[in-house]
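Structural description and commentary
This is what each chain is made of:
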Amino acid sequence: MRSLLTALFVLTACAPLAGQAPESPRIPILFDTALGSDLDQGFALALMLASPEFDPRGVTTVCADANVRALMACRFLTMTGRRAIPVAAGAGPQPARPITPNGQYRYYYHPDVLFNRTTRPAKESAVDFLYSRLKAQQGKITIVAAGPLTNIARLIADKPDSRAWIKRIVVVGGSIKEPTPEANLLADVDAARTVFASGVSLVVVPREATANLKLDDDGLRRVFAPVTALSLQLETLHQLGDEKNPGLAAVLAVALCLEDRFASFEDLALEIDKEGVTRVTKGKPNARVATSVRAGDFLKWYVDRMASCVSPTKQPSKLIEAGGFPNRVHVAEDFENDIERFWWMSGKDETKNTPPGSRRVCRGTLTHDYDDLLGNPKAMHTAVIFNPVPGPPMGKNPRLSFRYFLKGTDRLCVQIYSLTNGYHRQLYLTGLPQGRWESGTVDMTATRRPDGTGGPLSEHERIDDIQFYAEPTAELLIDDVVLYDAAAPSEKRPFPRHIHFTATFDSGVAGKHWLGNFDVVPDKGYFWRAAKSVDNAERGFPWIRLQLRGERAMGDATQLAFRYRLTGANSLRAVLVNRTAKTEHVVDVKGLKQDMWGEATVDFKGPKLGDRVDELHWLLPRGAELLLDDVTLYVPGR
Ligand SMILES: [Ca+2]
Ligand SMILES: [Ca+2]
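Residues numbered from 1 in each chain as written. Chains lettered and ligands numbered in written order. Predicted model: local features only at pLDDT ≥ 70, side-chain atom pairs only at ≥ 80, totals over all residues. Heavy atoms only, no water.

**Some words on the coordination of the calcium ion (ligand 2)**
Octahedral metals with six donors have ideal donor angles of 90 or 180 degrees. Tetrahedral metals with four donors have an ideal donor angle of 109.5 degrees. Our working rule: For Na, K and Ca the donor cut-off is 3.2 Å, while for other metals it is 2.8 Å, and in both cases only N, O and S atoms qualify; water is not among them, so sites may look incomplete. Donor angles set the geometry label: tetrahedral for four donors if every angle is between 85 and 135 degrees, square planar for four and octahedral for six if opposite donors exceed 155 degrees and the others are between 65 and 115, irregular for anything else. Remark: exposure states derive from per-residue accessible area (1.4 Å probe, protein chains only) relative to the maximum for the residue type, with buried under 20%, exposed over 50%, and partly exposed in between.
Protein coordination of the calcium ion (ligand 2) is provided by Thr504 (O), Asp506 (OD), Phe527 (O), Arg529 (O), Asp629 (OD) and Asp629 (OD), with donor distances spanning 2.2 to 2.6 Å. Bound by 6 donor atoms, the calcium ion (ligand 2) shows angles of 51 to 158 degrees at the metal and therefore irregular coordination geometry. Of note, the donors binding the calcium ion (ligand 2) are all from one chain and are spaced T-x1-D-x20-F-x1-R-x99-D. Each member of the pair, Thr504 together with Asp506, is buried.

Here's what the structure looks like:
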């Protein structure tokens, strides 16, 4: 028996799982910009960063002093917590458009840049950079060309295979209604001719569509009102720039990647003549042209979006009800045993001050903010941080419940890292009671990056590092951390009093994070992956044996919830096991659905308070097959 188990274990352990996250629903975008000249360039970059729908893949710079512009972009991205977005400068020669000489040049000529406090541009040229990015996500990436088309034309001419990889190019430039050249196309007429003749799908935002678009004083005031890292960097550019009320042509181009409704479009065949004039021809349309703009709708949307990026510190959250039995428990840590102790990233055990039913909790210890992008690098906090290895994907309604004891402050920050997006989001609670144990639940969709951007924590996003921060002089104790997907409205079962163990199989590696005898199958779970039964050759029937990664002490009642898809049987036997003590608690589960997903709740009458268990078995009739998902072992609520 033992050797067979070991053999099965090794088999599963050797098979890391394919099929991780579903593809990001965000829009991959490359921004080619003359940052440093017209202010719409910086305002467009800020909109890109403020919009969670985008996955910015890089910034490239065009026009003279492209390297200075690239360093400006590096400063902007670093200081807004986006240093992961790479920047590349266009190689010379470049069109001779100046950086506003007395003004925005200062954004480059500053200690942040001069003393290497920012990222640096990539060594490769804009063309090589664009090429490698497009190659990595063929057919997926939109390029917003906010300046002259020099870099884009070189890409198309020098690397013709890239044409098929570009989803579309949004061109800021051209003039359909007036037969005079527009500045961006005129700056490099040959480049414009190349791009318009390339056959790549084009969206064109012509001069006349945006000529009267300006951000008025009230709009500016609202865009800068959040006083966040993002709004302050943008305001810096505005203070240094020479336009009091900036134009918004490039901003509209970025917005049109998200919403069609700001413009009316016509499909036109366009070519650029040798003088740089845009000509409408009778050929097959090659451009979707924004012929008229709904300026009011667009301006309102833009200003509202920028103004809504408010720091979570200024918009405190409220505790909510935990709700019914969770749709899915992503992770639970009760600090009662040492099984996941390695992942207590900040804090240490505390056994004296514990809430009812708990023998051990986690006492916060001092640490810097784990958010090295937007957190204050000098500040220290009293923190409890738990890393929920292996980084589960969230459901539609992520919630976090926990027990806490606070002293010396009534304020708590809950922060979580997004593995998928590579940044932290947070929320603040204020007015919390002090000096006694309390339970709390927060709606994790309310979390935002410290600059208010990033949008809500969303379905399929993988997370890491659940963080509780209090002031450095405060005392903070945390217990019973449960990250879960909220109950459906129809759920009748109460929220568990205590959760011992949960298994979703969604991320991580079988044999390392999920132990026992089963296969983990991708895409066949109720959500993401599931465990699939295997033959137990010794006993002659199929089963799933799930190890709890260690012994866990039961409460005064013990229930097991799981989702199943059963084939070839309508019953199974659930067994709660202590392998060392050789104890077994058996429940036969009957009348199950077949060939469709169902949900079962098993009540184990046997275990007494403090009894330890370390395995769960699902035993099947001969010839049956079980897909198992969303396993939760818990003490039922009252
Ligand atoms: Ca505890
Ligand atoms: Ca699953």
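**A few points about the domain arrangement of the protein chain**
Here is the rule we go by: How far each domain reaches was decided by an automatic or database domain assignment.
Each assigned domain of the protein chain is listed here: domain 1 (27-307), domain 2 (312-492) and domain 3 (502-635). Here the C-alpha centre of domain 3 lies 54 Å away from the C-alpha centre of domain 1.

**Considering the packing of aromatic side chains**
For clarity, the cut-off: In summary, the pairing rule links any two rings of Phe, Tyr or Trp, Trp by its six-membered ring, whose centres are within 6.5 Å, and it sorts them by plane angle into stacked for under 30 degrees, edge-to-face for over 60 and tilted for everything else. Secondary structure elements are taken from DSSP: a helix is a run of H or I of four residues or more, a strand is a run of E of two residues or more, and numbering for both begins at the N terminus. Whether a charge sits over a ring depends on NZ of Lys or CZ of Arg being within 6 Å of the ring centre and within 35 degrees of the ring normal.
With the rule as written, the count across this model stands at 22 aromatic pairs. Ring geometry for Phe402 versus Phe468: centroids 4.9 Å apart, planes at 65 degrees, classification edge-to-face. Taken as a pair, Phe402 in strand β16 (residues 398-407) and Phe468 in strand β20 (residues 463-470) lie far apart in primary sequence, 66 residues in all. Each of the two residues, Phe402 as well as Phe468, counts as buried. A ring pair is formed by Phe505 and Phe518, whose centres lie 5.6 Å apart and whose planes are at 65 degrees; its orientation type is edge-to-face. One end of the pair, Phe505, is in the loop between β22 (498-503) and β23 (516-517); the other, Phe518, is in the loop between β23 and β24 (519-521), with 13 residues separating them in the sequence. Of the residues examined, Phe505 reaches a relative accessible area of 0% and is grouped as buried. A network of ring pairs unites the aromatic residues Phe262, Phe298, Trp301 and Tyr302 as a single cluster. Sitting over the face of the ring of Tyr423, Arg449 holds its NZ or CZ atom 4.5 Å from the ring centroid.

**Considerations on the pattern of salt bridges**
For clarity, the threshold we go by: A side-chain nitrogen of Lys or Arg and a carboxyl oxygen of Asp or Glu constitute a salt bridge if their distance falls within 4 Å.
Applying the stated criterion across every chain, the model contains 41 salt bridges. We note a salt bridge from Glu615 to Arg545, for which the minimum N-O separation is 2.4 Å. Taken together, the positions of Glu615 in strand β32 (residues 612-619) and Arg545 in strand β27 (residues 541-553) put the pair 70 residues apart, joining distant regions of the chain. Residue class for Glu615 comes out buried when judged on its relative accessible area of 2%. For Arg545, a relative accessible area of 4% gives the class buried. Salt bridges sharing partners connect three or more residues here, namely Arg328, Glu491, Arg493, Arg563, Glu599 and Asp630.

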